[in-house]
Amino acid sequence: MKRNVVIVVIAVLLIGIAIVSNASKETLPQEVAAKAGFLAPNIKLKTIDNREYNFDHANLQRPVLINFWASWCGPCEEEAPALAGLHEKYKDKVDFLAVNATSWEFQGRDKVTAFVETYNWKMPVLLDEEGTAIKSYNVIGIPITVLVSQNGVIDYIFQGIFDPEELDRRLAKL
């Protein structure tokens, strides 16, 4: 009798542990879309220093900030110093990607390089020469800043210039 009670207690404990561990597992979305709550579209582009860069939502080591910009964009210039400062603050916790809308650049690649140097960006600068990333993220105007959690899901999208304080708060939570 005592043995049966012990077996029942152990079984109940094991079932309880299984329920709690399964309840705490996050269910990830399966669909890729440029919207909050969906898996972020993958990006494979060359960097400004001509290296291959592959952003893959399934293989992230930490959260990612993706900023779409162009050298001729006034709001992009306005937010560039704040982006550099936030990168410096969070570079050990969040990966930053600056995706240049190269297919929209009408001032030439020299202006892109000058922009990056002017604002002392140390983050990877990707060149979207064919507009593939712009299409994948449904970019119709810039700047746009996309926050992606470590599990590859888009957390938030800033359309237009971001508020540095709000972006700072959101980065701290990722």
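For every chain, the first residue of its written sequence is number 1, and the numbers climb from 1 along that sequence. For a predicted model such as this one, the threshold for reporting local features is a pLDDT of at least 70, and the threshold for listing and counting side-chain atom pairs is 80 or more; totals across whole chains, interfaces and linings nevertheless cover every residue. Heavy atoms throughout the structure, all of them, feed into the side-chain values; hydrogens and water do not.

(A) Layout of the overall build of the protein chain. For the purposes of this entry, the term helix denotes a DSSP run of H or I that reaches at least four residues, the term strand denotes a run of E that reaches at least two, and both are numbered from the N terminus. A tally of helices and strands in the protein chain yields 5 helices and 7 strands. In what follows, residue pairs with any heavy atoms lying within 4.5 Å of each other are defined as contacts. Of the contacts formed within the protein chain by residues at least 6 apart in sequence, a portion of 72% connects residues at least 24 apart.

(B) Main features of the nonpolar core. Grouped together as the largest cluster of nonpolar side chains are 48 residues, with contacts concentrated most on Phe 55, Ile 66, Phe 68, Trp 121 and Tyr 137. It is helix H2 (residues 74–90) that contributes the most residues to this core, 6 residues altogether. Those residues in contact with Phe 68 that sit more than four places away from it in its chain are Val 99, Ala 133, Ile 134, Tyr 137, Val 139, Ile 142, Pro 143, Ile 144 and Val 146. Residues enter a nonpolar core if they are buried and are Ala, Val, Leu, Ile, Met, Phe, Trp, Tyr or Cys, with the set joined through side-chain atoms within 4.5 Å. When accessible area is computed with a 1.4 Å probe and restricted to protein chains, residues below 20% of their type maximum are described as buried, those above 50% as exposed, and intermediate ones as partly exposed.

(C) Quick peek at the environment of Ile 43. Within the secondary structure, Ile 43 is located in strand S1 (residues 43–47). A sequence separation of 94 residues divides Ile 43 from Tyr 137, and the C-alpha atoms of the two residues are 9.7 Å apart. Contacts of Ile 43, omitting those with residues within four sequence positions, involve Tyr 53, Asn 54, Phe 55, Ile 66, Val 99, Leu 126, Ala 133 and Tyr 137.

(D) Representation of the environment of Lys 89 within the structure. Positionally, Lys 89 belongs in helix H2. What makes Lys 89 exposed here is its relative accessible area of 52%. In this structure, the C-alpha to C-alpha distance between Lys 89 and Asp 168, residues 79 residues apart in sequence, is 9.2 Å.

(E) The pairing of S1, seen in detail. One bridge is not enough; two strands pair if DSSP finds at least two bridges between them. The pairing of S1 with strand S2 (residues 52–55) spans 4 bridges and is classified as antiparallel. Considered in S2, the bridge of Leu 45 is made with Tyr 53. Hairpin connection between S1 and S2: a loop of 4 residues separates the two successive antiparallel strands, and Asn 50 in this loop has a positive phi of roughly 65°. With 2 bridges joining them, S1 and strand S5 (residues 125–127) adopt antiparallel strand pairing. Each residue of the ladder has a partner; that of Lys 46, found in S5, is Leu 127.

(F) Examining H2 more closely. A rise of 1.5 Å per residue sets the reference length of H2, with its 17 residues, at 24 Å; its end C-alpha atoms lie 25 Å apart and thus fit the reference within 8%. Of the positions making up H2, those classed as buried are Cys 76, Glu 79, Ala 80, Leu 83, Ala 84, Leu 86, His 87 and Tyr 90. Those residues of H2 hidden inside the fold are in contact with strand S3 (64–69), strand S4 (95–100), helix H3 (109–118), strand S6 (144–148) and helix H5 (164–173). Under the convention used throughout, the expected extent of a helix is 1.5 Å for every residue step, that is, one less than its residue count.

(G) Here's a closer look at the side chain of His 87. Note that His 87 resides in helix H2. Given the relative accessible area of 10%, His 87 is considered buried. Look past the residues within four positions of His 87 in its chain and what remains in contact with it is Phe 96, Lys 122 and Met 123.

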